[in-house]
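# Architecture and fold: a report
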Amino acid sequence: MSVAGVATPAPAFWWAREDLGYVDGRLRFAGRDVAAAAEAAPGPLYLYSAARVAANLARLREGLARTGSRTRVYYAIKANRFAPLLTAMAGWGQCGADICSPNELDLALACGFAAKDISFTGAGVANRDLDRLLAHADLTINCDTVGMIRRIGERAPGRAIGVRVNPGRGVGYGDSPRLTYAGDEATKFGIYREQWPEALATARAYGLTIRTLHFHVGCGYLSAQLDRWAEAVGAGLAFLDDAPEVTTVNIGGGLGVPCQDGDAPLDLARWAAVLQRLFAGRDVTLAVEPGDYIVKDAGLLALSVTDVEVKRDVAFASVDGGFNLAPEPAYYDRPSEAVACVPRGLDPTAWRPVTLAGNINEALDIWAAAKPMPPLAEGDRIAFLNTGGYGASMSSNHCMRGDFTEILL
Ligand SMILES: Cc1ncc(COP(=O)(O)O)c(C=O)c1O
């Protein structure tokens, strides 16, 4: 049973929602028939929903409003830098942009973000990068190393800067060490507590004012990680004691979305309550720079089945796109839910395990192993969900298979 334009509520797939689900046995996303859209494209197709991005942003802003602090949102454009999307977001005026390279700066400016609404936090920043960043007096620049503070001091004494610190605690999706940016083991990110006096002295020596304290402790955290995330934020805030000129604390991004059945979504009310408690009585602006939370579930990648074949005891279905288009499942074990666009049967109890393989000549190019799927045939379309973040933006032309189309709905 379905009502026109409204996704079928049963059976209840964990990923289904009002703008994503089966209608009359066909997958619809943001009002579009995904298989039909994919057939009209020459190859792999990314579909993004502007409405979903706007809804995610609005939900986050509502959560932040509950903290009682002055707040700012910078969208981390590394997650998805599709220019029409960035242009739309700049036009909405609900967020600034977080960038991590001079080229991202140029793109953010070209898409309509003003330099005063852009925050840079990057690693391995070269002097040629600094020259391009420092050309914009209003840009927030967060320094990742003591050397970067010095090099800014040499070029722009007296400037306002931010400093990225490493609280030595972090979190990541599914507790993955590869998605955790701060913890017991030293990481390349930010300035550690024991370096803090040197960082402060270096800033002072060049008359630099530390206006922003920044930390980003990991990617993809959900409710299961909230307690440890709260500890990490608390450890980050401890740096404030020695930095009275700080007016903004940027707690980074990292807010996750469910990626597989069983992932409990991030409880935004609890998240906001932690921030309310930790920021109470502090006269600073609370900034946050999420990427995934804004765009990940607002995009999918539609691929086409090229072959269906049993090899030894494994049923394989190959598709016409690989891990180079959306690297997270292969790099980070962060799954992307594979959904048949026009399934032969909607009863998952009748589905059989299939290993979905990409078209790249690398053994790790497996989208999902033993994934229960309806019977598949050549030419079927499969949508890989949650690829709106760190999909296209991380894609490469490996094997010269980097072509895809992007459409903002
Ligand atoms: C400094 C910084 N800020 C923000 C982000 C965005 O993270 P996410 O997309 O997980 O919110 C990242 C991602 O790596 C980052 O390194």
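Conventions adopted
Residues numbered from 1 in each chain as written. Predicted model: local features only at pLDDT ≥ 70, side-chain atom pairs only at ≥ 80, totals over all residues. Core = buried A, V, L, I, M, F, W, Y, C linked by C-beta atoms within 7 Å. Buried ≥ 20, exposed ≤ 12 C-beta atoms within 10 Å, placed from the backbone. Helix = DSSP H or I, 4+ residues; strand = E, 2+ residues; numbered from the N terminus. Domains from an automatic or database assignment. Contact = placed C-beta atoms within 7 Å. Nonpolar A, V, L, I, M, F, W, Y, C, P; charged D, E, K, R; others polar. Pairing = 2+ DSSP bridges. Right-handed = clockwise from strand over helix to strand, strands pointing away. Near = placed C-beta within 6 Å. Axes fitted to C-alpha atoms, helices over the stretch in contact; angles between N-to-C directions. Parallel < 35°, antiparallel > 145°, perpendicular 65-115°, else oblique. Left-handed = near helix turned anticlockwise from the far one by under 90°.

## So, the nonpolar core
With 114 residues, the main nonpolar core has Val34, Ala302, Ile382, Ala383 and Phe384 as its most contacted residues. Of all the elements, strand 14 (residues 299-311) adds the most residues to this core, at five residues. If you count residues domain by domain, this core takes at least three from each of domain 1 (20-50 + 297-408) and domain 2 (81-290). Non-local contacts of Ala383, meaning those with residues more than four positions away in its chain, are made with Leu27, Val34, Leu300, Ala302, Val339 and Cys341.

## Some points on the domain arrangement of the chain
Segmenting the chain into domains produces domain 1 (20-50 + 297-408) and domain 2 (81-290). Averaged C-alpha coordinates put domain 1 and domain 2 at centres separated by 33 Å. Listed by partner, the interface residues are 13 residues for domain 1 and 13 residues for domain 2. When grouped by side-chain class, the residues that make up the side of domain 1 that touches domain 2 number six nonpolar, two polar and five charged.

## As for the environment of Leu109
With respect to the element layout, Leu109 can be found in helix 4 (residues 102-110). Between the C-alpha atoms of Leu109 and Arg66, which are 43 residues apart in sequence, the distance is 30 Å.

## Describing the pairing of strand 13 (residues 285-288)
Two elements, strand 5 (residues 70-76) and strand 13, share four bridges in a ladder whose sense is parallel. Its bridge partner lying in strand 13, Val73 is registered against Val288. Relative to strand 13, strand 12 (residues 248-250) runs parallel, the two sharing three bridges. By the bridge assignment, Asn250 is partnered in strand 13 with Ala287. In the classification by handedness, the crossover that spans strand 12, the intervening helix 9 (residues 268-279) and the parallel strand 13 is right-handed.

## With respect to the site of the ligand
If you check the shell around the ligand, you find 17 residues, and the closest are Ala76, Cys219, Gly253, Gly291 and Asp292. Tallied by class, the residues present in the shell around the ligand amount to six nonpolar, eight polar and three charged.

## Here we look at the packing of helix 5 (residues 127-134) against helix 6 (residues 146-155)
Orientation of helix 5 relative to helix 6, taken along the N-to-C sense of each, is 55°, at an axis distance of 11 Å. The orientation of helix 5 relative to helix 6 falls into the category oblique. Once helix 5 is placed against helix 6, the crossing between them reads as right-handed. Contact residues: helix 5 offers Asn127, Leu130 and Leu134, while helix 6 offers Arg151, Ile152 and Arg155.

## Some thoughts on unusual backbone geometry
The residue Asp24 is not glycine, and still its phi comes out positive at about 50°. Note that Asp24 resides in the loop between strand 1 (20-23) and strand 2 (26-29). Asp24 gets classed as exposed once you count the C-beta atoms within 10 Å, which come to 11. At Ala30, a position not held by glycine, the phi torsion is positive, near 50°. With respect to the helices and strands, the residue Ala30 is situated in the loop between strand 2 and strand 3 (32-33). By C-beta crowding, Ala30 is classed as buried, having 20 other C-beta atoms within 10 Å.

## Notes on the environment of Tyr48
In this fold, Tyr48 is placed in strand 4 (residues 45-48). Tyr48 sits in the buried class, given 25 other C-beta atoms within 10 Å. The spacing of Tyr48 and Ala123 is 75 residues in sequence and 29 Å in space, taken between C-alpha atoms. Setting aside residues up to four positions removed in sequence, Tyr48 forms contacts with Phe82, Leu85, Ala298, Gly299, Gly388, Glu406, Leu408 and Leu409.

## Topic: the sheet that holds strand 1
If you walk across this open sheet you meet the three strands as 1-2-3, and the pairing is antiparallel. Whereas interior strands pair on both sides, the edge strands pair on one side only; in this sheet they are strand 1 and strand 3. The sheet contact formed by strand 2 and strand 3 spans two bridges and is antiparallel. Residue pairing across strands places Phe29 opposite Arg32, the latter belonging to strand 3.

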